[in-house]
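Overview (structure and organization)
Here are the chains, one letter per residue:
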Amino acid sequence: MSSSGQVRASHILIKHEGSRRKSSWKDPEGRRISATKRDDAVAQLKTLRDDIIADKSRFEDVASQVSDCSSAKRGGDLGPFGRGQMQKPFEDTTFNLKVGEISDIVDTDSGVHIILRTG
């Protein structure tokens, strides 16, 4: 963690029927999101994570193509943030990762994520 108390991370978000906001840049009407079960979103994210860890794909490329977050246009980069700026499960996980480490599945009100700590 930097001396400013901030971290930097990228993430891949997959929204599902239980997400608080059922629309995204990829699915403005929310049809796909509303039809996606949480377990299916988790399974998709696990496969993507496995491919990234096995160097079959790059985190930034996958985020750009798959993530339901508008950060997809930046390869999933959320920029720097401190405590209290993100949903607690996301924040706690990010602060506990080492730089360069990828999280397991993280559940928030937004959906399911994998997080790459970048700073």
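Anything mentioned here points back to the structure above.
Reference entry: report on the structure contained in this document. (Residues numbered from 1 in each chain as written. Predicted model: local features only at pLDDT ≥ 70, side-chain atom pairs only at ≥ 80, totals over all residues. Heavy atoms only, no water.)

Our next topic: the packing of helix 2 (residues 38–53) against helix 3 (residues 59–66). Contact geometry of helix 2 with helix 3 gives a least axis separation of 10 Å together with a crossing angle of 155 degrees. Considering the angle they form, helix 2 stands roughly antiparallel to helix 3. In this structure, helix 2 meets helix 3 at a crossing whose hand is right-handed. Between helix 2 and helix 3, the residues in contact are Gln 44, Leu 48 and Ile 52 and Phe 59, Val 62 and Val 66, respectively. (Axes fitted to C-alpha atoms, helices over the stretch in contact; angles between N-to-C directions. Helix = DSSP H or I, 4+ residues; strand = E, 2+ residues; numbered from the N terminus. Parallel < 35°, antiparallel > 145°, perpendicular 65-115°, else oblique. Left-handed = near helix turned anticlockwise from the far one by under 90°. Contact = heavy atoms within 4.5 Å.)

To continue, consider the environment of Arg 21. With respect to the helices and strands, Arg 21 occurs in the loop between strand 1 (6–14) and helix 1 (31–35). Arg 21 sits 88 residues away from Asp 109 along the chain, and the two C-alpha atoms are 8.5 Å apart.

Take the sheet that holds strand 3 (residues 106–108) next. With antiparallel pairing, four strands are arranged side by side in an open sheet as 2-1-4-3. In the strand order of this sheet, the two ends are held by strand 2 (77–82) and strand 3, each with one partner. Strand-to-strand twist in this sheet, taken as the mean axis angle between neighbours without regard to direction, amounts to 45 degrees. Here strand 1 runs beside strand 4 (residues 111–117); their pairing, made up of six bridges, is antiparallel. Across the sheet, residue Leu 13 finds its bridge partner in strand 4, namely His 113. (Pairing = 2+ DSSP bridges.)

The next subject is the packing of aromatic side chains. For any pair of aromatic rings, the description rests on two quantities: the centre-to-centre distance and the angle between the ring planes. If you walk through the whole model with that rule in mind, you get two aromatic pairs. Centre to centre, the rings of Phe 81 and Phe 90 are 6.2 Å apart; their planes meet at 50 degrees, and the pair counts as tilted. A relative accessible area of 1% places Phe 81 in the buried class. Exposure remark for Phe 90: the relative accessible area of 3% places this residue in the buried category. In this structure an aromatic cluster arises from ring pairing among Phe 81, Phe 90 and Phe 95. We note Arg 83 situated over the ring of Phe 95; from NZ or CZ to the ring centre the distance is 4.0 Å. (Phe/Tyr/Trp six-rings, centres within 6.5 Å; stacked < 30°, edge-to-face > 60°. Buried < 20%, exposed > 50% of the residue type's maximum accessible area, 1.4 Å probe, protein only. Lys NZ or Arg CZ within 6 Å of the ring centre and 35° of its normal.)

Relative to the 22 Å expected for 16 residues at 1.5 Å per residue, helix 2 spans 22 Å between its end C-alpha atoms, a close match to the ideal helical length. Buried within helix 2 are the following residues: Ala 41, Val 42, Leu 45, Leu 48, Arg 49 and Ile 52. Along the long axis of helix 2, the arc covered by the buried residues comes to 130 degrees, so they all point the same way. Packing partners of the buried residues in helix 2 comprise strand 1, helix 3 and strand 4. (Expected span 1.5 Å × (residues − 1). Arc of directions from axis to C-beta.)

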